[in-house]
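# Tertiary structure, described
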Amino acid sequence: MDKKTFYITTPIYYPSGDPHIGHCYTTVACDSIARYKRMQGYDVMFLTGTDEHGQKIEEKAKDKGVTPKQYVDEIVDIFKKLWSYMNISYDRYIRTTDDYHIESVQKIFKELYDRGYIYKGEYKGKYCTPCESFWTETQLDENGCCPECHRPVKEAAEEAYFFKMAPFADRIEKLLTETDYLRPKTRAVELVNNFIKPGLEDLCVSRTSFTWGVPVPFDGKHVVYVWIDALSNYITALGYKNEAFDEYSKYWPADVHMVAKDIMRFHAIIWPAMLMALEEPLPKHLAVHGWITFLNKKGEEQKMSKSLGNVVDPFMLGERYGVDAIRYHILREMALGADSAFSNEIMINRINSDLANGFGNLVSRTVAMADKYFGGTLPTEREEGEFDSSLIECVSAVRGRVDLCIDETRLKNALEEIFVAVDRANKYIDETEPWKLGKDESKKARLATVLYNLLESIRVISTLLSAFMPTAMPKVWEQIGAGEKDVTYDNAGKFGVLPADVTVHKGEILFPRIDLEKEIAELNAIIEKNMAAAKAKLGADEAAGAFAPAELAPEIAIDDFAKADLRVALVKSCEKVKKSKKLLCLQLDDGFGGRQVVSGIAQWYEPEDLVGKKIIIVANLKPATLCGVESQGMILAADTPDGGAAVVFPDQSLPCGSKIR
Ligand code: MSP
């Protein structure tokens, strides 16, 4: 009989910069599931790859003076090196620049057009010139500006093809609310309320403003815009509408697509709509996780970003603590659906407590005692005792619990379940006190039983852990004297598999304890150096003219300018606006009795950075309500090269209310 199949995918990554620990999360998670499913006997297809088209890539290549393909080739190489370093066992790597993918995307586009789901229209929207991106009204930031660089946007229009979404709205709503497609299901409400209930907008699926993309087959002026190109990868990689592979009917529909929250909408709404339009089966599950954020010294979570210099380099961490420890840490910290804050301290504490003290210690103590009391080979006489059955019961139940977590894509919980058994086994050592048994000749049979039970527990635990930590576990098997046939999935559900006279081999310490203080000092020094370098680079980019100022606004008459009443004001107090990550609410002395202004600068300023400072406000701006808080005017800030904003501070000796002309 044919084996059961299992198809799992990561998103395809943009090769627009070096990969970081955030990119590793989905890939390590999918790898662990793929390994577990292989262990269970499934015929697994694990797909990852790179999403290589688009305007940003075209521009970056131009800046570097290379072709887009040369540019992506170099970065794809780094991605592949990272995946091999992280022990990622993907079965297929798709590049959207692969010929077979391009051929399929063109056929898919044409088919959607022929079926009447794609039509030519005009793309109207808010256009950000520096970012060369269109945004919808709802995507703009609190100030009505570009959500990426926070600069003003303007109305613009361009000819484009659109994909009709409305015909699929009802089926998609049912998919999200009545099936277990989306995980966690709690996210369905936000999708339905934000996108489906207000009426699904047709999706713009072509562009004429750049050329680095798949040409629309029947209209060479257009290239296929990102999502049809990118999402199709999940089926083109199996040979859908191409001859490169012949595995579509074998593996499709996918069992799990795993993605982070920022691309959930595309996978929860647009991808099912595309498949419905093509009359193809829908994937079984979409697992959505949060982001790994960087916890800075003030204890605040920041998005990892190259320009902040806070990106965590997986190669550097792997060199210091071992790849398996890093894999374990990121999987253990992130609950499906939620963000998880990364800090060096949390990571080191986790590695020390779970791996060095918890599991590592269990292995080294057990092996050392077998070595010390029996020269490495256990005698075959046995004497059962108190605590045995509770240990065996706990360890024997783990596999079933882990199976469930894997099937529900809850990897943090899977590891927690395994560590219940680690803790139980460590407790068993405390309960049975083998060091005391070792001193009493008449207790040798009891001691052998205790050590055997411990070795068996380690065998089961390490078999299950091998899907998550594939490098370290074979070393454990070597130490506990387990052969290949002992560490199968089947045997992870049994107790009593190792031979009664098993021989252990003392080996290296699996997860050495990390000196927290020393490491934190070193890692913090690295991060600070990176942050300083990132800042200096921004300065240098600006000096080198890399900073692109926002486009000049059309000419106005002096009278137009005179309409704006700009005044000096003092920030008396300032606080973050609740429920907003971007807004600060400032109480000002404006020389006219005071006022309150709300400003979208919380990403770049702490309230205390502003209190006591004089700033400039537009004093006669019509009041507006932002996140439920009234703003009487706005404060002046300038664009920074990294897309941020810097408040304009006037001469601090100017009196409040002083008019700027
Ligand atoms: N190319 C698109 C995906 C197309 S899939 C058909 C894309 N690429 S990306 O490289 O920008 O991001 C890929 C995935 O990595 C996304 O799910 C993104 O959220 C995830 N992550 C990027 N930074 C991350 C963290 N810091 N933490 C967790 N995931 C992160 O989007």
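Note that the coordinates shown come from a computational prediction; the quantities given were computed from them, not determined experimentally.

This part is about the overall build of the protein. Along the protein, the regular secondary structure elements total 21 helices and 25 strands. Across its three principal directions, the C-alpha atoms of the protein cover 105 × 65 × 50 Å. Here the protein holds 661 residues, and 52% of them are scored as buried. Excluding contacts between residues fewer than 6 apart, the proportion of contacts in the protein whose partners are at least 24 apart in sequence is 75%. When the accessible surface of the protein is split by element, carbon and sulfur atoms take 51% of a total near 29700 Å². Once the 82 positive and 99 negative side-chain charges of the protein are each reduced to a mean point, those two points are 2 Å apart.

Counting 109 residues, the largest nonpolar core has Tyr321, Phe359 and Phe468 as its most contacted members. When sequence neighbours within four positions are dropped, the list of residues in contact with Tyr321 reads Ile326, Met347, Ile348, Ile351, Ile514, Glu519 and Leu523. Residues Ile94, Leu175, Val226 and Trp271 belong to the second largest nonpolar core, which totals 61 residues.

The strands that make up a sheet pair up through hydrogen bonds in the backbone, lying either parallel or antiparallel. Read from one edge of the open sheet, six strands run 3-2-1-11-12-7, paired in parallel fashion. Every other strand in the sheet has two partners, leaving strand 3 (92-95) and strand 7 (182-183) as the edge strands with one partner each. Taken together, the two bridges between strand 1 (residues 5-13) and strand 11 (residues 256-260) define a ladder with parallel strand orientation. When the sheet's bridge partners are listed, Thr9 is paired in strand 11 with His257. Where helix 1 (residues 21-39) meets the sheet, its contacts fall on strand 1, strand 2 (43-50), strand 11 and strand 12 (286-289), and the angle it forms with strand 1 comes to roughly 170°.

The mixed open sheet is built from three strands, whose spatial order is 14-13-15. Whereas interior strands pair on both sides, the edge strands pair on one side only; in this sheet they are strand 14 (301-302) and strand 15 (340-342). Here three bridges tie strand 13 (residues 292-295) to strand 15, and the two strands are oriented parallel to one another. Across the sheet, the residue bridging to Ile292 is Ser340, located in strand 15.

The local shell around the ligand holds 21 residues, among which Ile12, Asp51, Ala260, Asp262 and Ile292 are the closest. Here a nitrogen atom of the ligand sits 2.7 Å away from a polar atom, N or O, in the side chain of Asp51. Ile292 is positioned with one of its backbone polar atoms (N or O) 2.8 Å from a nitrogen atom of the ligand. Burial of the ligand by the surrounding chains reaches 92%, relative to a free accessible area of 670 Å². For the shell around the ligand, the elements supplying multiple residues, two or more each, are strand 1, helix 1, helix 7 (226-231) and helix 8 (233-236). Split into classes, the residues belonging to the shell around the ligand amount to 12 nonpolar, seven polar and two charged.

Considering the arrangement of structural elements, one finds Gln139 in the loop between strand 5 (133-135) and strand 6 (154-163). Look at Gln139 and you get partly exposed, because its relative accessible area is 32%. With 158 residues separating them in the primary sequence, Gln139 and Lys297 have C-alpha atoms 31 Å apart.

Among the residues making up helix 2 (residues 55-64), those that are buried are Gln55, Ile57 and Ala61. Each buried residue of helix 2 sits inside an arc of 165° when the element is viewed along its axis, so together they form one side. Opposite the packed face of helix 2, turned more than 90 degrees from it, sit the exposed residues Lys56, Lys62 and Asp63. On its buried face, helix 2 sits against helix 3 (68-85). With its phi angle positive at about 75°, Gly65 sits one or two positions after the end of helix 2.

A separate point is helix 12 (residues 323-333). The buried fraction of helix 12 amounts to 10 of the 11 residues, a majority that puts the element mostly inside the structure. Of all the residues in helix 12, the buried ones are Val323, Asp324, Ala325, Ile326, Arg327, Tyr328, His329, Ile330, Leu331 and Arg332.

A word on the packing of helix 13 (residues 344-374) against helix 18 (residues 472-480). Helix-helix packing is characterised by the crossing angle of the two axes and by the distance between the axes. For the pair helix 13 and helix 18, interaxial distance at closest approach is 10 Å and the crossing angle is 20°. The angle between helix 13 and helix 18 places the two elements in the roughly parallel class. Once helix 13 is placed against helix 18, the crossing between them reads as left-handed. Contacts between helix 13 and helix 18 involve Phe359, Val363 and Val367 on the former and, on the latter, Met473, Val476, Gln479 and Ile480. Among the residues forming the contact of helix 13 with helix 18, the class breakdown is six nonpolar, one polar and no charged.

Let's shift gears to the packing of helix 17 (residues 444-465) against helix 18. Helix 18 packs onto helix 17 with a crossing angle of 160° between their chain directions and a minimal axis gap of 9 Å. Judged by the angle between their axes, helix 17 and helix 18 are roughly antiparallel. The crossing of helix 17 and helix 18 is left-handed. For the pair formed by helix 17 and helix 18, the contact residues are Leu455, Ile458, Arg459, Ser462, Thr463 and Leu465 on the first element and Met473, Val476, Trp477 and Ile480 on the second. Along the lines of polarity and charge, the residues of the contact of helix 17 with helix 18 split into seven nonpolar, two polar and one charged.

The domains assigned to the protein are domain 1 (327-493) and domain 2 (558-660). Each of domain 1 and domain 2 has a C-alpha centre, and these two points are 58 Å apart.

Moving on: a nonpolar patch on the surface. There is a patch of nonpolar side chains on the surface, built from Ile556, Ile558 and Phe561 and spanning about 320 Å² of accessible area. Among the secondary structure elements, Ile556 is positioned in the loop between helix 19 (516-543) and helix 20 (558-562).

Here is what the cut-offs are and how they apply
Residues numbered from 1 in each chain as written. Predicted model: local features only at pLDDT ≥ 70, side-chain atom pairs only at ≥ 80, totals over all residues. Heavy atoms only, no water. Helix = DSSP H or I, 4+ residues; strand = E, 2+ residues; numbered from the N terminus. Buried < 20%, exposed > 50% of the residue type's maximum accessible area, 1.4 Å probe, protein only. Contact = heavy atoms within 4.5 Å. Areas by Shrake-Rupley, 256 points an atom, 1.4 Å probe, with all protein chains shown as cover. Lys, Arg positive; Asp, Glu negative; His and termini not counted. Charge placed at Lys NZ, Arg CZ, Asp CG, Glu CD. Core = buried A, V, L, I, M, F, W, Y, C linked by side-chain atoms within 4.5 Å. Pairing = 2+ DSSP bridges. Axes fitted to C-alpha atoms, helices over the stretch in contact; angles between N-to-C directions. Near = heavy atom within 4 Å. Polar contact = N/O pair within 3.5 Å; in protein donor to acceptor, adjacent residues only side chain to side chain. Nonpolar A, V, L, I, M, F, W, Y, C, P; charged D, E, K, R; others polar. Arc of directions from axis to C-beta. Parallel < 35°, antiparallel > 145°, perpendicular 65-115°, else oblique. Left-handed = near helix turned anticlockwise from the far one by under 90°. Domains from an automatic or database assignment. Patch = residues over 30% accessible without salt bridge, like charges linked within 9 Å, V, L, I, M, F, W, Y side chains within 5 Å. Salt bridge = Lys/Arg side-chain N within 4 Å of Asp/Glu carboxyl O.

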